[in-house]
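Chain by chain, the residues:
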Amino acid sequence: MKDSDENEQVRELQARLRQLDLFDRAPTGFYGSITGKSVAAFQKRRGLPVTSTVDAATWELLLSLTKEPTADELKPSTTNKLDTPDPRCMTGRVLCISKESRTLAWMIDGKVVSSFDVRFGSENTPTREGEFKVEWKAREWTSTIYHTPMPYSMFFSRGQAVHYSADFAARGYAGASHGCVNVRDRAKLAALFDQVKPGDKVVVHW
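Think of each chain on its own: its residues are numbered from 1, step by step along the sequence as written. Given that the model is predicted, a residue must reach a pLDDT of at least 70 before its local features are reported, and side-chain atom pairs must reach 80 or more before they are shown or counted; all residues, however, enter totals for whole chains, interfaces and linings. Note: side-chain values were computed over all heavy atoms of the structure, leaving out hydrogens and water.

In this structure, what is going on with the pairing of strand E6 (residues 153–157)? I would like to understand it.
Working note: regular strand, side chains alternate between the two faces of the sheet. For E6, the buried fraction is high: five of the five residues fall into the buried class. Here a strand pair is declared whenever DSSP counts at least two bridges between the two strands. Only DSSP runs of H or I covering at least 4 residues are called helices, and only runs of E covering at least 2 are called strands; the numbering of each starts at the N terminus. When strand E5 (residues 136–138) meets E6, the two strands line up antiparallel, connected through three bridges. By the bridge assignment, Ala138 is partnered in E6 with Ser153. Here E6 runs beside strand E7 (residues 160–164); their pairing, made up of three bridges, is antiparallel. Bridging from a neighbouring strand, Phe155 pairs with Ala161 of E7. Only protein chains enter the accessibility calculation, which uses a 1.4 Å probe; a residue is then buried when its area is under 20% of its type maximum, exposed when over 50%, and partly exposed in between.

Written out as structure tokens, the structure is:
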């Protein structure tokens, strides 16, 4: 495996490197510069020639030092690790949103039911912090100000909502929202949308 390869074996490579704390993000299946650096770090640590590419010796040693990745390791629900929930998230039904870890945890009675990577507003259009409630929901919605699609919107503060963002899915953290909480996993958000009810708590915290 080498730079610019893109396949399921690369995804497995990344998941195995992640088990050894040598790859710090979700597997993508694409062999880019970050994967090359991770491979080089593994080769250096194990006394192999440092080539940044995967030959038979590198692959066999990696297989011997790791276990077969689970489905969640190959395609994890979140890239970002959840942090300790805010105390306000520990009771009832809550969308617990951390700006620190850039995650959303759907919690019921203090237990995490599901979790998501999220993105926030820019410095000029910040996402408001505090305790709110889901005011209303819209499965299909287009922003009346910015004219962009906002599927699976759950509004919690004067036009700010948790919703799916195609831009976040495509560009990641290279962009920002206009204040909303963007989610990039559409299928998982669709399932969450069906569970959340108007009146459920929303906590946005650091």
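Alright, that's what it looks like, and here's the rest.
Mind showing me how you'd approach the pattern of salt bridges here?
Side chains bearing opposite charge may pair, as long as their charged atoms lie close to each other. Salt bridge, as used here, is a side-chain nitrogen of Lys or Arg placed within 4 Å of a carboxyl oxygen of Asp or Glu. Within this structure, the stated rule accounts for 11 salt bridges. Here Glu12 makes a salt bridge to Arg16, at a shortest N to O gap of 2.9 Å. Of this pair, Glu12 and Arg16 are both found in helix H1 (residues 8–19), four residues apart, which corresponds to roughly one turn of the helix. For Arg16, a relative accessible area of 6% translates into the label buried. In this structure, Arg88 and Asp86 form a salt bridge, with 2.9 Å as the shortest nitrogen-oxygen distance. Classification of Asp86 by relative accessible area gives buried; the value is 13%.

Honestly, the state of the cysteines in this entry has me stumped. Any pointers?
Cysteine pairs can be covalently joined through their sulfur atoms, and such a bond is termed a disulfide. Disulfide: a pair of cysteine sulfur atoms within 2.5 Å of each other. This model, assessed by the stated rule, comprises one disulfide. There is a disulfide in this structure between Cys89 and Cys96, and the S-S distance comes to 2.1 Å. Here the S-S torsion is close to 80 degrees, and the disulfide linking Cys89 with Cys96 is therefore right-handed. Unpaired in terms of disulfides, Cys180 finds its nearest cysteine sulfur in Cys96, a separation of 18 Å.

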